[in-house]
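# Fold and geometry: a report
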Amino acid sequence: MTTKFPLELIALLRVSSRVAVLTGAGVSQESGLRTFRDAQVGIWAQYRPEDLATPEAFERTPRLVWDFYATRREGAGGAEPNPGHFALAEMEKHFAKFTLITQNIDGLHARAGSQNLLELHGNLRRIRCSRTCGVVDEWEQLPDVVPTCPRCGAMLRPDVVWFGENLPQYELETAIHAANTCQIFFSIGTSGLVQPAASLPVWAKQNGAVVVEINYDPTPLSNHVDYVFRGKSGEILPDLLKALIA
Ligand code: BV8
Ligand code: ZN
C-alpha cells in the first residue's frame, strides 16, 4: 500500500533547498539489525545497553565491552543497506543543501551512497586507541584479550561515542547548524530518547522548519511535529522519493 503524502508537503519539498534528516536505529531495522533497545538478545540480554556503552564499563570489563562490539561489528558487516537508506541517498541529489545526520554506527548510510553524512555517534567499523593515537587500521588480534595499540600499548576500542562521552565537535556543530537553518527537518526511525541528538528536531522547529516524523511507534516528538507517517521507513521513504520526483 503506497504512502499518501499531503500535497502541500510535496509542494514545499519541491521548492525547498535546505533539508536536514536525523536517523536512528529504526532505519536499519529492515536491514536485519536490531534497534538499540531490542538489540539485547542472547548473551547480551542480561545487560542494559547503557551498562555496556560507557567508558566505565570498558574500564571495569574491557573484554566484555570489546566482545559486545565485535559481535555487533560482525552483524553490521553482514547487513546490507535497505530501500530506506537508498532513498535517502537519492533524495540528497534533489536539494542544494541536504544534510543527513545519523545516530547509527553501522555504516549503512555511507554504503548506500549518502555523501553529506554526519555520524554523530561514530562508526562501529572504525577502531581507535583508547588514549590519543587515533584510528588504528591494523592490530594484532590474540584470542581472548582486548587488542592493544601498536603505537602506545593502550587498549583499543570501537570509535563510537559512549554514554557520558562528548560527541565529535565538528559533526555536532554542523548538525546543529543544519537543524537551525533547514526549511524541512525529518526525524526517522528514532525513539528520540538520547541527547543531544534528540534536541535537533526541536531546535529545527523553534527555528521555523517544518518537521516530519517517520517512525514505527509514537515518540516524545510525535505530538510536536507537523507531519507524522507511522510505519516502516524502508517502505515510506521510497514512496516519498517517488512523490517528490513524480
Ligand atoms: C553527552 C553509540 C555530554 C554506542 C550511542 C545522565 C547522566 C549522564 C548522561 C546523561 C544523563 N541524562 C542524559 C544524558 C545524556 C546522555 C543520554 O541522552 N542518556 C539517555 C539514555 C537519557 N547522552 C550522552 O551521554 C551523550 N553525550 O551528552 O555528552 C555529557 C558528557 C558527560 C556527562 C553528561 C553529558 C552521548 C550519547 C551517545 C551514546 N551512544 N551509540 C552504541 O551504539 O553502542 S546512543 C545509541 O542509542 C544509538 O546510537 C542511538 O543514538 C541510541 C538509540 O536510539 P535510537 O537510534 O532512537 O534507537 P531506538 O531503538 O531507541 O529506537 C528505534 C526507533 O525506531 C523506535 O522508535 C522504533 O519504533 C523505530 N523503528 C523500528 N523499526 C522501524 C522503526 N521506524 C521506522 N521503520 C522501521 N522499520
Ligand atoms: Zn595508542
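In short, a report on the structure. Within every chain, residues take consecutive numbers counted from 1 along the sequence as written. Numbering of ligands from 1 and lettering of chains from A proceed in the order in which they are written. Given that the model is predicted, a residue must reach a pLDDT of at least 70 before its local features are reported, and side-chain atom pairs must reach 80 or more before they are shown or counted; all residues, however, enter totals for whole chains, interfaces and linings. The basis for every side-chain value is the complete set of heavy atoms in the structure, and neither hydrogens nor water enter the calculation.

A few words on the packing of helix H1 (residues 7-15) against helix H9 (residues 233-245). The axes are straight lines fitted to the C-alpha atoms, using for helices just the contacting stretch, and the angles between their N-to-C directions are given from 0 to 180°. Under the DSSP-based scheme used, a helix requires at least four consecutive residues in state H or I and a strand at least two consecutive residues in state E, with every element numbered from the N terminus. With their axes 9 Å apart at the nearest point, H1 and H9 run at an angle of 70° to one another. Classified by the interaxial angle, the pair formed by H1 and H9 is roughly perpendicular. You can see that H1 and H9 cross each other, and the crossing is right-handed. In this structure, H1 contributes Ile10, Leu13 and Arg14 to the contact, and H9 contributes Leu240, Ala243 and Leu244. Taken together, the residues that form the contact of H1 with H9 break down as five nonpolar, no polar and one charged. Note on angle classes: values under 35 degrees are labelled roughly parallel, values over 145 roughly antiparallel, values of 65 to 115 roughly perpendicular, and the remainder oblique. Handedness of a crossing is defined here by the sense of rotation of the near helix relative to the far one, left-handed for an anticlockwise turn of less than a right angle and right-handed for a clockwise turn. Residue contacts follow a heavy-atom distance rule, with two residues in contact if any of their heavy atoms lie within 4.5 Å. Any residue outside Ala, Val, Leu, Ile, Met, Phe, Trp, Tyr, Cys, Pro, Asp, Glu, Lys and Arg is labelled polar, Gly included; the first ten of those are nonpolar and the last four are charged.

Looking at where Arg157 falls in the secondary structure, it is placed in strand E5 (residues 156-160). Of the polar contacts made by the side chain of Arg157, one reaches the backbone oxygen of Val160; its length is 2.7 Å. What qualifies as a polar contact is a pair of N or O atoms within 3.5 Å, subject to a donor-acceptor requirement within protein and to the restriction that residues adjacent in sequence count only when both atoms come from side chains. In terms of polar contacts, Arg157 uses its side chain to reach the side chain of Glu165, at 2.8 Å. Filtering out sequence-adjacent residues up to four positions away, Arg157 remains in contact with Phe58, Trp66, Arg126, Ile127, Arg128, Cys129, Ser130, Trp162 and Glu165.

Turning to the packing of aromatic side chains, a few remarks are in order. Note on aromatic pairs: the rings of Phe, Tyr and Trp (six-membered ring only in Trp) are paired at centre separations within 6.5 Å, and the planes decide the class, stacked below 30 degrees, edge-to-face beyond 60, tilted for the rest. Throughout the structure, instances matching the rule amount to six aromatic pairs. Each ring, one from Trp66 and one from Trp139, has its centre 6.2 Å from the other, and the planes form 90°; the classification is edge-to-face. Within this pair, whereas Trp66 is found in helix H4 (residues 62-78), its partner Trp139 is found in the loop between strand E4 (122-129) and E5, the two being separated by 73 residues in sequence. Assessed through its relative accessible area of 3%, Trp66 is described here as buried. Assessed through its relative accessible area of 29%, Trp139 is described here as partly exposed. A centroid spacing of 4.9 Å and a plane angle of 70° characterise the contact between Phe68 and Tyr69, whose relative ring orientation is edge-to-face. Accessibility classification places Phe68 together with Tyr69 in one group, the buried group. Buried residues are those whose accessible area, probed at 1.4 Å on protein chains only, stays under 20% of the maximum for their type, while exposed residues exceed 50% and partly exposed ones sit between those limits.

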